[in-house]
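Survey of secondary and tertiary structure
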Amino acid sequence: MWGFSYKAWSAGLTADTEYGRFEDGMPPNKNGDFAFLLHLLASMKTTGSGAVILPHGVLFRGNSEAELRERILKRSYVKGIIGLPANLFYGTDIPASILVLDKSEARSRHL
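Residues numbered from 1 in each chain as written. Predicted model: local features only at pLDDT ≥ 70, side-chain atom pairs only at ≥ 80, totals over all residues. Heavy atoms only, no water.

**So, the side chain of Glu65**
As a reminder of what qualifies: Runs of E in the DSSP output that reach at least two residues are strands. Runs of H or I that reach at least four are helices, and both are numbered from the N terminus. The rule is simple: take the accessible area with a 1.4 Å probe, protein chains only, and divide by the maximum for that residue type; under 20% is buried, over 50% is exposed, in between is partly exposed. N or O atoms closer than or at 3.5 Å make up a polar contact, with two conditions inside protein: a donor-capable atom paired with an acceptor-capable one, and, for residues adjacent in sequence, both atoms drawn from side chains. By definition, residues are in contact when any of their heavy atoms lie within 4.5 Å.
With respect to the helices, strands and loops of the structure, Glu65 is situated in helix H2 (residues 64-74). Using a relative accessible area of 3% as the deciding quantity, one classes Glu65 as buried. Looking at Glu65, its side chain comes within polar contact range of the side chain of Arg61, at 2.4 Å. Not counting residues up to four positions away in its chain, the partners in contact with Glu65 are Pro28, Asn31 and Phe34.

**Some points on the packing of aromatic side chains**
What describes a pair of aromatic rings is the distance from one ring centre to the other and the angle between the planes of the rings. Selection rule: Note on aromatic contacts: the rings of Phe and Tyr and the six-membered ring of Trp form a pair at centre separations within 6.5 Å, being stacked when their planes are under 30 degrees apart, edge-to-face when over 60 apart, and tilted otherwise. By the criterion adopted, a ring carries a charge over it if an Arg CZ or a Lys NZ lies within 6 Å of its centre and within 35 degrees of its normal.
Evaluated as defined, the whole model comprises 0 aromatic pairs. Its guanidinium or amino end placed over the ring of Tyr77, Lys103 lies 5.7 Å from that ring's centre, counting from NZ or CZ.

This is how it looks when you write it as structure tokens:
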């Protein structure tokens, strides 16, 4: 079962199976949170919107995740963030966040 910060997210991933998901950069191998976020963004139509639940740490972690977060924010894909408390989901005691994404209005928010 997959969960927050899934460690083996890239198992079996090859250049043929990336499908343009990682044009903005590759998430770290040891943490799949941004892999799921980038997959959702790549799967959305240019007029699409969506939401993803991720651990609260995606808002603050550094290194390659900070670079990915900056690129996503500069494209104005994030319409909103909803913080959730710890112990809300079975099997995890960490706080989570809902990232609300919208590609259709990204250009107008960016201007």
